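Tertiary structure, described
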Amino acid sequence: MAAHTLLMSTTARLRDRRVHLERRATASRAVRASLVSLAGLIGGPVTNQAGEEVGRVADVVARLYGQDPYPPVTGLILRIGRRRAFLSADAIGKVRAGHVRLRTARVDLRDFARRPGEALLAKDVLDHQLVDVDGVQVTRAADLYLAPLVDRVVLVGVDVSLPTLLRRLGPRRWQARPTPERVLDWQAVAPFAEQATEGPPEVRLRASRAALQRLRPADLADILEDLGRAERQQLLGWLEPEQAADALEEMEPAELENLLREAQPEHAARLVDAMEPDEATDALRDLTAEEREALLTRMPAGEAAELRRLLAHPEGTAGGAMTTLLVTARRGETVAQVRGRLAEQPGHRTEIDAVAVVDEDGRLLCDMALFDLAVAEDSATVADLVGWLAQFGPPVTVHAGTPLAEAADRLVAARASSVLVVDDSDHPIGRILADDLLDALLPERGRLHFRRFLQ
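What counts and how
Residues numbered from 1 in each chain as written. Predicted model: local features only at pLDDT ≥ 70, side-chain atom pairs only at ≥ 80, totals over all residues. Heavy atoms only, no water. Helix = DSSP H or I, 4+ residues; strand = E, 2+ residues; numbered from the N terminus. Buried < 20%, exposed > 50% of the residue type's maximum accessible area, 1.4 Å probe, protein only. Contact = heavy atoms within 4.5 Å. Areas by Shrake-Rupley, 256 points an atom, 1.4 Å probe, with all protein chains shown as cover. Pairing = 2+ DSSP bridges. Axes fitted to C-alpha atoms, helices over the stretch in contact; angles between N-to-C directions. Phe/Tyr/Trp six-rings, centres within 6.5 Å; stacked < 30°, edge-to-face > 60°. 1 Å grid on protein atoms, 1.4 Å probe; cavity = no way out; pocket = protein on both sides within 12 Å on 5 of 7 lines; lining within 4 Å. Points joined across faces, edges and corners; volume = space filled by probe spheres on them. Nonpolar A, V, L, I, M, F, W, Y, C, P; charged D, E, K, R; others polar. Salt bridge = Lys/Arg side-chain N within 4 Å of Asp/Glu carboxyl O. Parallel < 35°, antiparallel > 145°, perpendicular 65-115°, else oblique. Arc of directions from axis to C-beta. pLDDT = per-residue confidence, 0-100.

Attention shifts here to the overall build of the chain. Each helix and strand in the chain was counted, giving 22 helices and 21 strands. Out of the 455 residues in the chain, the part that is buried amounts to 47%. For the chain, the proportion of contacts with a sequence separation of at least 24, taken over those separated by at least 6, is 63%. Within the structure as shown, the chain displays about 22,800 Å² of accessible surface, and the carbon and sulfur contribution to it stands at 53%.

Note on placement: Val153 falls in strand 13 (residues 152–159). Each C-alpha atom, one on Val153 and one on Thr74, is 8.6 Å from the other, the two residues being 79 residues apart in sequence.

The sheet built from 3 strands is open, its strands ordered 11-10-15 with antiparallel pairing. Of all strands in the sheet, those bounded by a partner on one side alone are strand 11 (137–140) and strand 15 (189–191). In this sheet, neighbouring strand axes are inclined to one another by 35° on average, regardless of whether the strands run parallel or antiparallel. Alignment of strand 10 (residues 129–132) against strand 15, held across 3 bridges, turns out to be antiparallel. Bridging from a neighbouring strand, Val131 pairs with Ala190 of strand 15.

The relation between two aromatic rings is expressed through the spacing of the ring centres and the mutual angle of the planes. Counted under the stated rule, the structure contains 2 aromatic pairs. Note on Phe86 and Phe112: the rings are 5.5 Å apart at their centroids and 35° apart in plane angle, and the pair reads as tilted. With a gap of 26 residues between them, Phe86 in strand 5 (residues 83–88) and Phe112 in the loop between strand 8 (109–110) and strand 9 (118–120) connect regions that are remote in the sequence. Between Trp388 and Phe392, the ring centres sit 5.2 Å apart and the planes meet at 75°, which makes this aromatic pair edge-to-face. When its relative accessible area of 57% is taken as the criterion, Phe392 is described as exposed.

Attention now goes to the layout of surface pockets. One number sums up the size of the second largest pocket: a volume of about 440 Å³. Asp367, Ala369, Asp372, Pro395 and Ala416 are the residues nearest the centre of the second largest pocket, which is lined by 17 residues in total. Broken down by secondary-structure element, the contributors of at least two residues to the lining of the second largest pocket are strand 18 (364–369) and helix 18 (370–375). Its residues placed into classes, the lining of the second largest pocket shows 11 nonpolar, 3 polar and 3 charged.

Moving on: the pairing of strand 3 (residues 53–63). The element strand 3 is largely enclosed, with a buried count of 8 among its 11 residues. Alignment of strand 2 (residues 45–47) against strand 3, held across 3 bridges, turns out to be antiparallel. Note that in strand 3 the partner of Thr47 across the bridge is Glu53. Taking the residues between adjacent antiparallel strands as the criterion, strand 2 and strand 3 are bridged by 5 residues, where Gly51 takes a positive phi near 85°. By the bridge criterion, 6 bridges tie strand 3 to strand 4 (residues 73–80) in an arrangement that is antiparallel. The partner of Val60 across the bridge, within strand 4, is Leu76. By the bridge criterion, 3 bridges tie strand 3 to strand 9 in an arrangement that is antiparallel. Of the residues in strand 9, the one forming a bridge with Arg63 is Glu118.

The next point concerns the pattern of salt bridges. Inspection of every chain in the model, using the stated rule, returns 19 salt bridges. Close ionic contact of Glu255 with Arg232 constitutes a salt bridge, the shortest N to O distance being 3.3 Å. Pair noted here: Glu255 is in helix 11 (residues 253–262) and Arg232 is in helix 9 (residues 229–238), with a separation of 23 residues, a long-range link.

Turning to the packing of helix 9 against helix 11, a few remarks are in order. At their nearest, the axes of helix 9 and helix 11 sit 11 Å apart, and the two run at 80° to each other. Here helix 9 is positioned roughly perpendicular relative to helix 11, judged by the angle of their axes. Counted together, Arg229, Arg232, Gln233 and Leu236 of helix 9 and Glu255, Asn258, Leu259 and Glu262 of helix 11 form the full contact between these two elements.

Of all the residues in helix 21 (residues 434–441), the buried ones are Asp436, Leu437 and Asp439. For helix 21, the angular spread of buried residues about the axis comes to 160°, placing them on one side. Here the buried face of helix 21 lies against helix 13 (277–285), helix 20 (404–414) and strand 21 (428–433).

We now examine the confidence of the model for the chain. The predicted coordinates should not be examined in detail at positions where pLDDT is low. With 84% of its residues at a pLDDT of at least 70, the chain reaches an overall mean of 82. Below pLDDT 50 for its whole length, residues 448–455 participates in 12 contacts with residues either more than four positions away or in separate chains.

Here is the structure:
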């Protein structure tokens, strides 16, 4: 039944995604037949109803960050001699390849003042980096495509191909010719023109978060590593602290070091504070003493003190690689109570693989794997499980000063997924997961991201 339910839910998600793709504007033949190249439009004439040239297109203004799935064009920047003026979209009649025709012979030209959410498409988006969310990669906008949709002109797609760049270098009759077979639908990209808008953060976030929230931490890490300095700081600003921290934990150490140095100290401190303790410690070790202290002094006192304790352990030892995130239980508790406490830690699901059982003095009795907890009856006590697990021998433990190679040997010998770190009185003070041991012992392998491996 469970397998059937999983299959049904997976099928439903795939069906919903197919419907979503089919609803994209660029999937419509009518829209693809009416695409207008932005690159070909720039420099093109703007004429009134009488056919008289009013000016030349210098740029196109669109509300890039707003509620609309496809940004509507809100006006044009016209070049009239040496003057640049703004023409509202209300006056636009038809937009064709390389040419704009107005709906009236009289035009109201004004000085341009950017409104919340607006961007200049040629200046702020064309030839700039963006994220292809479907392809999970950083790319560059070689051209942008406009199209009439319902009763207005909207931005529907992005061309990212090299031939389009060559087309733009050719004669003007080539520049205005779109290549729709190479277009990415606008709903599949996240742009980085945030510096171009004066709108409040909630206006800027809607479009980009909707696309980026579907990505896995490893995918976001790849994107952050490929982006330029300004763009990745913008991307970090869009993400929730926890989502950003998960991505940072997947980054190459050298790239993470650069990112933290580029960020404002307050922002960098928030990001490090949101990371898991062992990952945050690794990130801080790569900074200079002055840089490290600048971040620690901007963190909450409790979290900073914990990281300082971890940093005090030498690198290459169990204490230097452990996480202090521990879930403990007492003999008198029921399995249901322990499960309830685990349910309160959904954000740390990848860091918890067992529960340390301690006595009244906090000394370790056993290390209870989540599998053993999952198959036990709700009414069973922790003491019952401790007695049953005793037949498999004592838990695998190391001390803070134990070399990582020795900790790895003990982990492999016990065929466990983690090893507990205890003090001289046998109190658990941390845990080292198998993947953290692998990262520490084989730093030259880097973090293997499956998509990059395929590329």
